[in-house]
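Overview (structure and organization)
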Amino acid sequence: MNNTETKQKLLDQLYEPYKQCLLCPLAKQGRTNVVFGEGNVNSHLMFIGEGPGREENEQGKPFVGRSGKLLTRLLTIVGIDRQDVFITNIVKCRPPGNRRPTFEESSTCKKILLLKQIEIINPKIICTLGSCAVENIIEKQVAISKIRGTCLPWNNRIIIPTFHPAYALRNPRVIETMVEDILNAKRKSEI
Ligand code: SF4
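Residues numbered from 1 in each chain as written. Predicted model: local features only at pLDDT ≥ 70, side-chain atom pairs only at ≥ 80, totals over all residues. Heavy atoms only, no water.

Some details on the pairing of strand 3 (residues 86–89)
The line we're drawing: Only protein chains enter the accessibility calculation, which uses a 1.4 Å probe; a residue whose area is less than 20% of its type maximum is buried, one above 50% is exposed, and one in between is partly exposed. Secondary structure is summarised from DSSP: a helix means a run of H or I of at least four residues, a strand means a run of E of at least two, and numbering begins at the N terminus for each. When DSSP finds two or more bridges between a pair of strands, those strands are recorded as paired.
Neither face of strand 3 is left uncovered, since the one carrying Phe86 and Thr88 and the one carrying Ile87 and Asn89 both have all their residues buried. Across 2 bridges, strand 1 (residues 38–39) lies against strand 3 in antiparallel orientation. The residue bridging Glu38 from the neighbouring strand is Ile87, located in strand 3. Two strands pair when backbone bridges link them, and strand 2 (residues 45–49) and strand 3 are joined in this way by 4 bridges, in the parallel orientation. Following the sheet pairing, Gly49 is matched in strand 3 by Asn89.

Thoughts on the sheet that holds strand 4 (residues 125–129)
The criterion, for reference: Throughout, a contact is declared for two residues whenever any of their heavy atoms are within 4.5 Å. Angles run from 0 to 180 degrees between N-to-C directions of axes, and those axes are lines fitted to C-alpha atoms, restricted for helices to the stretch in contact.
Strand order in the open sheet formed by 6 strands is 1-3-2-4-6-5, and the pairing between neighbours is mixed. Of all strands in the sheet, those bounded by a partner on one side alone are strand 1 and strand 5 (152–154). Both strand 5 and strand 6 (residues 157–162) contribute to a ladder of 3 bridges, which runs antiparallel. The residue of strand 6 that forms the bridge with Leu152 is Ile159. Lying on the sheet, helix 4 (residues 103–121) is in contact with strand 2, strand 3, strand 4, strand 5 and strand 6; it crosses strand 2 at an angle near 170°.

Structure follows, in structure tokens:
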């Protein structure tokens with residue numbers, strides 16, 4: 001079994017018990033699918049957003065709605081095919097009305113799924129999208145406009161935070177900055 005097959009098997013084993021997860025309140029707030037994430041399990045670069053939206057919940061895939069289309073476009077601009085990176089969220093079930101996940105929801109989901117996904121995929125660089133993602137990983141409140149684009153050491157990896165594409169849809173002036181941050185993340189993942 002090669003590295004890709006081993007990692008995929010480990011991820012499948014990780015997901016199996018949580019396909020109908022009931023461990024946090026998001027299980028009973030309109031969830032259709034638990035959206036585990038998708039992409040290249042061998043990627044050195046991983047993207048982590050906040051949580052699935054309406055279309056992601058329906059399709060069971062991360063970042064497939066309007067924000068996802070923008071993310072895919074930004075990846076293309078810097079020369080990344082989205083299939084070549086791994087994309088997921090802090091919480092795997094949709095928060096109703098796209099509200100921010102609560103501390104209980106995000107800490108529960110992070111513990112059972114996200115931290116294990118990171119361990120299996122083993123990316124060098126994690127590009128977090130929006131303040132919720134970075135705050136939940138580094139366990140500290142931040143001002144995203146101040147720390148975006150910086151390299152934050154975390155568990156022998158580097159976190160590079162940038163804005164969430166949903167924010168960029170409302171504030172297109174940050175798109176150029178996001179391109180810069182994602183390009184920086186790509187370059188660092190290739191070293
Ligand atoms: S968000 Fe995570 S912890 Fe909560 S129900 Fe979904 S899979 Fe389980």
